[in-house]
Amino acid sequence: MSAALSMQDAPPILEVEALTMRFGGLVAVDAVSFTARRGDITALIGPNGAGKTTVFNCITGFYRPSDGALRLHAADGVAELHRLKDHRIARAGVARTFQNIRLFPGMTALENLLVAQTVPLQAKTGFGIVALLGLGAYRKAEAAAVARAVAWLRATNLLDRADDPAGALPYGAQRRLEIARAMCTAPSLLCLDEPAAGLNPRESDELARLLRAIRDGTAAEGEPAVSVLLIEHDMGIVMTISDHVVVLDHGRKIAEGPPAVVRNDRTVIAAYLGEGDDD
Amino acid sequence: MSAFSQGGAGGRITAALRDATIAAAVAFGLFVVMVGLRTDVSPTGALVLRERWTEVAMLCALVFAGRLVVTLWGLRPQSLGQSPERAAAMARAGKLFAPLLLAAALVLPFVPGIGRYELDLGILVLTYVMLGWGLNIVVGLAGLLDLGYVAFYAVGAYSYALLAQYFGLSFWICLPLAGILAAFWGILLGFPVLRLRGDYLAIVTLAFGEIIRIVLLNWVSLTGGPNGMSGIPRPTFFGLPFNMSGEPGTFAGFFGIEPDPVHRVVFLYYLILGLALLTNWVTIRIRRQPIGRAWEALREDEIACRALGINVRNTKLTAFALGAMFGGFAGAFFATRQGFISPESFTFIESAIILAIVVLGGMGSQVGVAVAAIVMIGGFELFRDLEEWRMLVFGAAMVVIMVLRPRGLVGSRTPTIALGEKRAIGAGHVSEGRG
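The written sequence of each chain sets the order in which its residues are numbered from 1. To read the labels, note that chains go from A and ligands from 1, taken in the order they are written. Whole-chain, interface and lining totals are the exception, using all residues; otherwise, since this is a predicted model, local features are given only for residues with pLDDT of at least 70 and side-chain atom pairs are given and counted only at 80 or more. Only hydrogens and water are set aside; all other atoms, that is, all heavy atoms of the structure, feed into the side-chain values.

Among the surface-exposed residues, R64, K85, R88 and R91 of chain A together with R195 and R313 of chain B lie close enough to one another that they form a single positively charged patch. Along the chain, R88 of chain A falls in helix 3 (residues 86-92). Each patch groups residues whose relative accessible area exceeds 30% and which form no salt bridge, using 9 Å between like charges and 5 Å between nonpolar side chains of Val, Leu, Ile, Met, Phe, Trp and Tyr. Areas reported here follow the Shrake-Rupley algorithm with a probe of radius 1.4 Å; residue values treat only the protein chains shown as occluding. Should a side-chain nitrogen of Lys or Arg be within 4 Å of a carboxyl oxygen of Asp or Glu, the pair is scored as a salt bridge. By the counting scheme adopted, Arg and Lys are positive, Glu and Asp are negative, and His together with the chain ends is not counted. A charged residue contributes its charge at one atom only: NZ of Lys, CZ of Arg, CG of Asp or CD of Glu. Here a strand is any run of E in DSSP of at least two residues, a helix any run of H or I of at least four, and the numbering for each starts at the N terminus.

What follows is the structure, given as structure tokens:
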């Protein structure tokens, strides 16, 4: 899937339109607009304090934007994310991971992935009565949930650690488990907050391979392709795996395009090197 | 600590002696004023200062010896990250222990030598086991620190008393109604406190418990205020009352046995045992359900729950409601057992005892809570002969348990589902929840 092709042809998955976020007098994000396309890995980059995480938190519902619109083009219609509460955004099809990993440390890897499927499973419990009595309909649903969890454990190479508490896994494995957990919510868009932070080069390579497989729908058995939006500091990863890069600085979008173009953009180089601060 | 090992056994003893001397010195400093000097009223009516140096010396010697034992024989808190083998061994022991405990509870009324007093104590202990299991849903699973649990116990008790007095409803109709009403109050309390966490949640729930008690105390026209409500109907054996007349319409008469006041006590014993086991069964089943897993996930990390699409508000409310419902059942049972209730039975100390049972037992562990209830309530009775020293012994026992097992008797967590064998998760990984 070449970047140039997807830029022109693919329909959008997420439209960010004039997104503005003010904290009191501080404008953290100032009228940022960009589009993430279906089947792409879109990267959001920028120097520290550029407003990447704020944009990210608006998309995932942890902040409510002061102004602007966020539209998710999921399979079952368009969701206006800026009007939804955080858990509704997750249900609409946006899954996220956290910069400082937020797993359920006292629960096993498998349980973590089952918690991610709470919403569809809950619908099958018949107000708890069917499940309380252990009846067939719920059992079938739970078996399907376990199968999906196992598929993702296999995809993230964690199958042999399935029954270990998440808190006991090594750091790299925790990062992978968090991605697996996000994928178990069956999202349309996977949002990753610095997924490569703290990984060694070998783990970073594995992560890049996993993200490409998620984009192409080959990561786990029977799972559809999912578009990816990521914030990343590691330029190596950004340049190798992204199809589209959006650069922020001081809360504004300063460049956008395929990695090869963005890499040679003069304003981007200036922003990263701290030169020519002429605004 | 490394200095001890270099110095060998001799160095270790010297260090332990020094440590114990310091402890004794601190104890001396405290006890000189607290125990050594005492003001008494002399026969002439004047205040005199009495000196009690023997007691001070005894206490200091006790502290010295105790500290020496602690340092030399390693009476230290176990490290939180205890080995998985150890946790697995504990889990295996727990698997055997729970059925044994249940069997003992089932045959207790028929064990020779078990009289009315022992059965009454058993009923009391089982009431607290049930309350502990109910609160365990809120505190142990969902990680919401609730200091006002006794409010739901009170709601259950007064629901039965009022429904029986004003509408003449029987115990078996009132029991589910008491549970529903308590659950309703649980949701009512849940709404305003949804945004609060940790200490703030604890304070508001504490206040809620007091509000309920003070309303019961002051609404004299409805509840009788401080005089309480008496003449609450006793339970019947599916319509057959327990009384001494032996007529055909009574329990004894129907089954053709000699009327005996113990029948009712045995019936109450099995009733509370059944109610407690119902609480346990529901909790165990619900832990393996999406809602139960969501509760535990909420305890572990609320923000991650939101990111997974879990409705945190509803999840918390169900935990409050279900916990409160079992509190309400226990309250209705309490009312029918006592035949008399007053706001005095529902003070904050009850909430504190129930919470202590949950914390002591190990948050989230069913067997641990049962054992803690037996130890706390049973132990409290056991030390009755010690009179005013009872509280001291009781407090010391709690301190010892918390020093030895800071995460409760059973601190580990059993996974709800596993691909292979279920292995207990060490207490070090499991969070306690911050509301």
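Residue and element names in this part refer to chain B. Within the secondary structure, A157 sits in helix 5 (residues 150-167). Residues A157 and D301, spaced 144 residues apart in sequence, show a C-alpha to C-alpha distance of 35 Å. The criterion used for residue contact is that any of the two residues' heavy atoms lie within 4.5 Å. Excluding anything up to four places from it in sequence, A157 contacts G331, A332, A335, I341 and F346.

Many structure descriptions define interface size as the accessible area lost when the parts assemble. Split by domain assignment, chain B resolves into domain 1 (2-72) and domain 2 (84-404). Reported domain spans reflect what an automatic or database domain assignment gives. Spacing between the C-alpha centres of domain 1 of chain B and domain 2 of chain B amounts to 41 Å.

Residue-level contacts link 42 residues of chain A with 36 residues of chain B. Summing the contributions of chain A and of chain B, the shared interface buries around 3300 Å²; its carbon and sulfur component is 64%. Taking the shortest distance from any N to any O, the salt bridge between E111 of chain A and R413 of chain B comes out at 2.8 Å. Here a polar contact is recorded for every N or O atom pair within 3.5 Å, except that within protein the pair must consist of a potential hydrogen donor and a potential acceptor, and residues adjacent in sequence are included only if both atoms are side-chain atoms. Applying the counting rule to chain A against chain B returns 11 residue pairs in polar contact (both at pLDDT 80 or more). Secondary-structure elements contributing two or more residues to the side of chain A that touches chain B are helix 3, helix 4 (109-115), helix 5 (118-123), helix 6 (129-132) and helix 7 (136-155) of chain A. Under the convention adopted here, Pro, Cys and the residues Ala, Val, Leu, Ile, Met, Phe, Trp and Tyr are nonpolar, Asp, Glu, Lys and Arg are charged, and Gly plus all remaining residues are polar. For the side of chain A that touches chain B, the residue count by class is 23 nonpolar, 10 polar and nine charged. A quick way to say it: buried area is the sum, across both parts, of accessible area lost when two parts are put together, with a 1.4 Å probe.

Here pLDDT means the predictor's own confidence in every residue, given as a number from 0 to 100. Within chain B, residue pLDDT values average 85, and 93% of them lie at 70 or more. The complex model carries a pTM of 0.84, and its ipTM stands at 0.88.

Before going further, it helps to examine the sheet that holds strand 5 (residues 77-80) of chain A. Residue and element names in this part refer to chain A. Two strands are said to pair when DSSP picks up at least two bridges between them. Read from one edge of the open sheet, four strands run 2-1-4-5, paired in antiparallel fashion. With one partner strand each, in any of the chains shown, strand 2 (26-37) and strand 5 form the two edges of the open sheet. On average, each strand axis in the sheet is tilted by 20° relative to the strand beside it, whichever way the strands run. Between the N-to-C directions of two axes lies an angle of 0 to 180 degrees, each axis being a line fitted to C-alpha atoms and, for a helix, fitted only over the stretch in contact. The sheet strands contacting helix 2 (residues 52-59) are strand 1 (12-23), strand 2 and strand 4 (67-74), and the helix crosses strand 1 at an angle near 115°.

Turning to the nonpolar core, a few remarks are in order. Buried Ala, Val, Leu, Ile, Met, Phe, Trp, Tyr and Cys residues form a nonpolar core when they are joined through side-chain atoms within 4.5 Å. Relative accessibility under 20% of the residue-type maximum defines a buried residue, over 50% an exposed one, and the middle range a partly exposed one, all with a 1.4 Å probe and only protein chains included. Of all hydrophobic cores here, the largest spans 86 residues; its most connected members are M130, Y160, W295, F326, I341, F346 and I357 of chain B. With 14 residues, the single largest contributor to this core is helix 4 (residues 116-141) of chain B. If we ignore the near neighbours within four places in the chain, the residues touching Y160 of chain B are L169, S170, F171, C174, I232, P233, A332, A335 and T336 of chain B. A109, W152, A166 and V226 of chain A belong to the second-largest nonpolar core, a separate cluster that totals 67 residues.

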